[in-house]
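A closer look at the structure
The primary structure of each chain is shown beneath.
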Amino acid sequence: MRIIADRGVCAGHGMCEALASEFFRVGDDGIVAPVSDTVAAEPELLELVVDSCPVQALRLA
Ligand code: SF4
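Residues numbered from 1 in each chain as written. Predicted model: local features only at pLDDT ≥ 70, side-chain atom pairs only at ≥ 80, totals over all residues. Heavy atoms only, no water.

For the protein, an unreviewed UniProt entry supplies the name Ferredoxin and the organism Nocardia amamiensis. Taken from UniProt, the Cofactor (unreviewed entry) comment for the protein reads in full: "[3Fe-4S] cluster". (UniProt positions renumbered as here; feature names shortened; annotations may be inferred.)

Following this line, the structure appears as structure tokens:
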């Protein structure tokens, strides 16, 4: 499973990092950077995070 973050859309709300800091970090520039593009586990958590992003900047592939 891949995490795709649209850094042009991310508004730096930090919801993703608050829910799953092992997978998402908001950088010093205030924009999300997935810790890893590819994750093998926890699809339900990742789907929750994607659904929680207020600007729909995240998706899974
Ligand atoms: S929740 Fe969405 S807007 Fe907020 S930091 Fe994460 S990707 Fe960006």
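**Re the pattern of salt bridges**
With the rule as written, the count across this model stands at 2 salt bridges. Here Asp29 makes a salt bridge to Arg7, at a shortest N to O gap of 2.9 Å. With Asp29 in the loop between β2 (24–26) and β3 (32–34) and Arg7 in the loop between β1 (3–5) and α1 (15–19), this residue pair connects regions lying 22 residues apart in the sequence. As a salt-bridge pair, Glu17 and Arg25 come within 3.7 Å of each other at their nearest N and O atoms. Take Glu17: its relative accessible area is 26%, and that puts it in the partly exposed class. (Salt bridge = Lys/Arg side-chain N within 4 Å of Asp/Glu carboxyl O. Helix = DSSP H or I, 4+ residues; strand = E, 2+ residues; numbered from the N terminus. Buried < 20%, exposed > 50% of the residue type's maximum accessible area, 1.4 Å probe, protein only.)

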